[in-house]
Protein chains: 2
Amino acid sequence: MKALRYEKGRLAVEEVARPSDEREALVRVTLSGICNTDVEIVRGYAGFEGTIGHEFVGVVESATGARELVGQRVVGEINAGCGECELCRSNDSRHCARRTVLGIVGRDGAHAEFLRLPVVNLLRVPDGVPDERAVFAEPLAAAWGITERVTVDKDSSVAVIGDGKLGLLCAQALSFKRPARLVLIGKHSNKLEIALRRGIETATLYEVQGKWPRTFDVVVEASGSESGFALALELLRPRGVLVLKSTFHGETQVPTSRIVVDEISVVGSRCGRFAPALDLLERGAVDVESLISEEYPLAEGVRAMRRATEKGVIKVLLRP
Amino acid sequence: MKALRYEKGRLAVEEVARPSDEREALVRVTLSGICNTDVEIVRGYAGFEGTIGHEFVGVVESATGARELVGQRVVGEINAGCGECELCRSNDSRHCARRTVLGIVGRDGAHAEFLRLPVVNLLRVPDGVPDERAVFAEPLAAAWGITERVTVDKDSSVAVIGDGKLGLLCAQALSFKRPARLVLIGKHSNKLEIALRRGIETATLYEVQGKWPRTFDVVVEASGSESGFALALELLRPRGVLVLKSTFHGETQVPTSRIVVDEISVVGSRCGRFAPALDLLERGAVDVESLISEEYPLAEGVRAMRRATEKGVIKVLLRP
C-alpha cells in the first residue's frame with residue numbers, strides 16, 4: 001500500500017506492507033487531514049520516523065474481537081494505551097506512559113491506505129456526517145479538550161490567538177460555552193471571516209496592539225509562535241489562564257517573572273474526547289467545510305505537505 | 001534617616017528625609033530581611049529605584065485614623081492598593097493595577113529607619129513572637145500563598161526545588177498540609193538539614209538525577225534557575241502542577257511542547273496572606289531561626305547585600 005513516510009530526514013510516499021490486524025482493528029483510510037504537528041514532525045518534533053498523520057476517517061476492514069465494527073465508518077482516538085495502567089483502566093489512555101500515538105509516537109499513522117488501531121480507540125461516525133466533516137473529529141476534539149482543562153462559562157472573557165485551523169476550531173468550540181466575550185485574533189481577514197460568519201468577534205493582530213491590556217480571563221494560544229505567547233501574556237488579567245495548544249519543535253523564551261507577579265496559570269492542552277466532537281459535527285454546529293483549502297491524492301502527499309505550510313492555506317486533505 | 005537605596009545603577013546607604021505620615025502609618029523599622037528580590041532589583045528587575053526592602057517588623061510611630069496602633073509592634077502587607085477598584089474593595093490589593101509595592105514598585109521600602117504604609121496593611125505581631133521571627137512573616141506568607149493557588153492535601157505528592165530561604169519556607173509551610181509525600185531538593189546539605197530536622201524528606205540534586213521521572217503531582221520551583229525549571233518538568237507527572245515562586249530578571253527557555261504534551265499547569269505564585277503566616281510563627285510551627293545567617297547594622301547595608309548573595313548564606317537581616 002501507499003504511505004506518506006518521514007524517515008532519515010526525508011519525506012516521501014512509499015510502497016509498504018499493509019499493517020497486520022493482529023489484536024487490533026485494520027482500517028481502510030478514506031480521507032486524512034494534514035495537521036501542523038505533521039509539519040513539525042518533518043522539522044524534527046517528537047523524533048518520530050514512519051508514516052505520519054493522525055487525523056482520519058475510514059472504514060473497518062477487520063477487527064479482532066469486534067466483528068460488529070467491520071464495514072463501519074469510523075474515526076479513532078490517536079493515543080493507544082498499554083491497557084493495564086491506572087490511567088488506561090480509568091478509560092483515559094491519553095497520558096499512559098507506555099502509549100503509542102498514531103503517526104507521532106511509535107505507531108505508523110493515517111496518511112496511508114490502511115492503518116491499525118486498538119478496537120477501543122474507534123468510534124462510529126453517524127450517518128449524517130460526511131467524510132469531509134468526520135475527518136475533523138480529531139482536531140475538533142482537541143479544541144473541545146480545552147474545556148476539560150479550564151473553566152469557560154457565561155461569565156468568562158476569552159481570547160483565542162491564531163486564525164489557523166486549530167484557532168478557528170478552538171474559537172468555534174468555545175463559543176458553545178456562551179462566554180460573556182469571545183474574540184478570535186489573527187493575521188488573515190479571509191480566515192477570520194470564517195469565525196465572523198459564526199457570530200464570533202474577530203480582531204487582527206494590528207488592531208489588538210495595546211488595546212486590551214490585562215483584559216481576558218482566558219487566552220488560548222493557538223498560533224504556535226513566540227509572539228503569540230507574548231501577546232497572550234499582555235491580554236491576560238492577573239490570575240488569568242493561558243491555554244497552550246500548539247506543539248512545536250524547540251523552546252520558547254518566557255518572561256517567567258511576569259507569570260509569577262501576575263500569578264498567571266499556563267495550562268497545556270493536547271488531545272480531547274472524540275464523543276463531544278462527533279456530537280458537534282453531527283449537529284452541524286461547527287463550520288469545518290470552510291477550513292478545507294485543498295484536497296490531494298495520497299500519491300501527491302509530499303506536495304500536499306508543502307502546500308499545507310504556505311500562506312493563506314488552512315486545511316489540506318489527502319485521499320488514498 | 002538612613003536608608004539603603006538603589007538609584008542610577010548604584011546601591012548605597014544614604015541620609016534621606018523621614019517619610020511623612022500623611023494619610024498612612026509611619027513605622028519605625030526594628031529589623032528587616034534581605035530577600036532575593038532585593039538582589040534582583042539591583043540587577044535591574046522591576047526597574048525600581050529608591051529604598052529597597054519589603055520584609056520587616058517595626059513599631060508604629062503614628063497612624064492617621066488609627067491611633068490605637070501607635071506603639072504597637074507590626075508587620076505589613078507589601079501591596080498598597082488604590083482602595084477603589086473591585087479587587088481592593090474585596091480586601092485583596094495584591095493585584096490592584098494601580099498598586100504600589102513596598103521597596104519594589106513606586107514606594108520606598110523597608111531597609112530604612114522608617115517606612116510608611118497604609119494603615120490597612122499593618123498587622124499586630126503577637127507578643128510571643130520576637131522580632132527575629134516576625135521579620136519572616138512576609139516570606140512565610142508568600143510560601144503559604146502556594147496553598148491559595150494549588151490544592152495540596154493528604155493525597156498529594158509534592159517536591160520543592162531550591163534549598164534557599166524561599167524553598168526552606170515553602171517546604172515547611174506545605175508540610176502543614178500533611179501531603180502523602182513531600183521532598184525538598186537542593187544543593188547544600190547544611191541547608192537541607194534544616195528541613196530534615198522538621199521531619200521533611202530531602203534529596204540533593206545529585207541524588208535526584210533520573211530517580212523520580214514523572215512522579216510528583218505538584219513541584220514548587222523556588223530555586224529561580226533555568227535548571228530548576230527543567231528539573232521540575234522532569235519530576236512532574238502528566239497533568240501535574242508546576243508552581244513558580246521566584247521572581248528574577250530576564251527570560252527562561254521553556255520547552256513549551258512538553259507543557260502541551262503532558263498537559264502540565266504552570267502556576268505563578270507571589271504574595272500570600274499575613275494572618276496564617278503570623279499564626280504559624282506564633283505556634284512555633286516553622287523553624288525560621290535556623291535560616292538567619294547573619295545580622296548587620298543598616299549602615300552596613302551594602303556589605304550585607306553582597307553577603308546575601310554568597311554561597312552558603314541563607315537569610316541576612318538588617319537592624320536600623
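Residues numbered from 1 in each chain as written. Chains lettered and ligands numbered in written order. Predicted model: local features only at pLDDT ≥ 70, side-chain atom pairs only at ≥ 80, totals over all residues. Heavy atoms only, no water.

A. Spatial organisation of the overall build of chain A. When you go through chain A residue by residue, the secondary structure sums to 12 helices and 19 strands. Relative to a compact globule of 320 residues, whose C-alpha radius of gyration would be 20 Å, chain A shows 19 Å and is just as compact. Dimensions of chain A along its principal axes, counting C-alpha atoms only, are 55 × 40 × 40 Å. Burial status across chain A gives 59% buried among its 320 residues. (Helix = DSSP H or I, 4+ residues; strand = E, 2+ residues; numbered from the N terminus. Rg over C-alpha atoms; globule rule 2.2 N^0.38 Å. Buried < 20%, exposed > 50% of the residue type's maximum accessible area, 1.4 Å probe, protein only.)

B. Spotlight on the interface of chain A and chain B. Listed by partner, the interface residues are 35 residues for chain A and 35 residues for chain B. A combined buried area of about 3100 Å² lies between chain A and chain B, and 50% of that area is made up of carbon and sulfur atoms. Contact with chain B buries surface across chain A, with His95, Arg239 and Val260 of chain A losing the most and accounting together for 20% of the total. For the pair chain A and chain B, the number of links is two salt bridges. Close ionic contact of Arg239 of chain A with Asp92 of chain B constitutes a salt bridge, the shortest N to O distance being 3.5 Å. Seen at the junction of chain A and chain B, the total is 17 residue pairs in polar contact (both at pLDDT 80 or more). Those elements that provide at least two residues to the side of chain A that touches chain B are β15 (236-244), β16 (252-254), α10 (256-261) and β17 (265-268) of chain A. Top contributing element to the side of chain A that touches chain B by residue count: α10 of chain A, with five residues. Taken together, the residues of the side of chain A that touches chain B sort by class into 14 nonpolar, 11 polar and 10 charged. Note that β17 of chain A and strand β17 (residues 265-268) of chain B share three bridges and pair antiparallel. (Contact = heavy atoms within 4.5 Å. Buried area = accessible area lost by both parts, 1.4 Å probe. Salt bridge = Lys/Arg side-chain N within 4 Å of Asp/Glu carboxyl O. Polar contact = N/O pair within 3.5 Å; in protein donor to acceptor, adjacent residues only side chain to side chain. Nonpolar A, V, L, I, M, F, W, Y, C, P; charged D, E, K, R; others polar. Pairing = 2+ DSSP bridges.)

C. Spatial organisation of the relation of the copies chain A and chain B. By a simple turn and slide, chain A fits onto chain B: the slide is 0.0 Å along the axis, the RMSD is 0.0 Å, and the turn is 180°. Read as a symmetry element, the transformation amounts to a two-fold axis. With an isologous cut-off of 70% or more, the 100% of interface residues of chain A that recur at the interface of chain B puts this contact in the isologous class. (Least-squares fit on C-alpha atoms with pLDDT ≥ 70 in both.)

D. The arrangement of unusual backbone geometry in detail. For Arg178 of chain A, which is not glycine, the phi torsion reads 45° and is therefore positive. In this structure, Arg178 of chain A sits in the loop between α6 (165-175) and β12 (181-186). Its identity as a non-glycine residue notwithstanding, Ala46 of chain B has a phi of 70°, on the positive side. Following the sequence through the fold, Ala46 of chain B ends up in the loop between α1 (36-42) and β4 (50-51).

E. Structural context of the nonpolar core. In this structure, Val75, Leu140, Val160, Leu169, Leu174, Leu184 and Val220 of chain A are the most contacted members of the largest nonpolar core, which totals 48 residues. If you tally residues by element for this core, the top one is α6 of chain A, at six residues. Both domains that furnish three or more residues to this core are identified here as domain 1 (2-141 + 272-319) and domain 2 (146-268) of chain A. Listed in part, the 47 residues of the second largest apolar core include Trp144, Val152, Val158 and Leu169 of chain B. (Core = buried A, V, L, I, M, F, W, Y, C linked by side-chain atoms within 4.5 Å. Domains from an automatic or database assignment.)

F. Examining the domain arrangement of chain A more closely. Residues and elements named next belong to chain A. Domain assignment breaks chain A into domain 1 (2-141 + 272-319) and domain 2 (146-268). Placing the centre of domain 1 and that of domain 2 at their C-alpha centroids yields a distance of 26 Å. In this complex, domain 1 contributes 28 residues to the contact, which on the side of domain 2 involves 16 residues. Between domain 1 and domain 2, roughly 1800 Å² of surface is buried when both sides are summed, and carbon and sulfur atoms account for 59% of that area. Counting across the interface, domain 1 meets domain 2 through two salt bridges. Salt-bridge contacts for Arg197 lead to Asp287; the nearest nitrogen and oxygen are separated by 3.9 Å.

G. Main features of the sheet that holds strand β2 (residues 10-15) of chain A. All names here are of chain A. The strand order across the open sheet built from three strands is β2-β1-β4, with neighbouring strands paired in antiparallel fashion. In the strand order of this sheet, the two ends are held by β2 and β4 (50-51), each with one partner. With two bridges connecting them, strand β1 (residues 2-7) and β4 associate as antiparallel partners. Bridge pairing links Arg5 to Thr51 in β4. With respect to the sheet, helix α12 (residues 301-308) is in contact with β1 and β2, its orientation differing from that of β2 by roughly 145°. (Axes fitted to C-alpha atoms, helices over the stretch in contact; angles between N-to-C directions.)

H. Structural detail: the pattern of salt bridges. Across all of its chains, the model carries 60 salt bridges over all chains by this definition. Between Arg214 of chain A and Asp262 of chain A there is a salt bridge, and its shortest N-O distance comes to 3.0 Å. Within this pair, whereas Arg214 of chain A is found in the loop between α8 (205-208) and β14 (216-221), its partner Asp262 of chain A is found in the loop between α10 and β17, the two being separated by 48 residues in sequence. Here Asp262 of chain B and Arg258 of chain B are joined by a salt bridge, their closest N and O atoms 2.4 Å apart. If you follow the salt bridges from partner to partner, you end up with Asp92, Arg94, Glu148 and Arg273 of chain A together with Arg239 and Glu263 of chain B in one network.

I. Layout of the state of the cysteines. Residue and element names in this part refer to chain A. The final tally for this structure, using the stated rule, is zero disulfides over all chains. Here Cys88 stays unpaired: no disulfide links it, and the sulfur of Cys85, its closest cysteine neighbor, is 3.7 Å away. Looking at the unpaired Cys170, the closest cysteine sulfur is the one in Cys35, lying at 11 Å. Cys170 gets classed as buried once you look at its relative accessible area, which sits at 0%. (Disulfide = S-S within 2.5 Å.)

J. Expanded view of the sheet that holds strand β2 (residues 10-15) of chain B. Residue and element names in this part refer to chain B. Taken in spatial order, the three strands make up an open sheet running β2-β1-β4, and their pairing is antiparallel. In the strand order of this sheet, the two ends are held by β2 and β4, each with one partner. Here strand β1 (residues 2-7) pairs with β2 via six bridges, running antiparallel. The residue bridging Lys2 from the neighbouring strand is Glu15, located in β2. Across the sheet, helix α12 (residues 301-308) is in contact with β1 and β2; its angle to β2 comes to roughly 145°.

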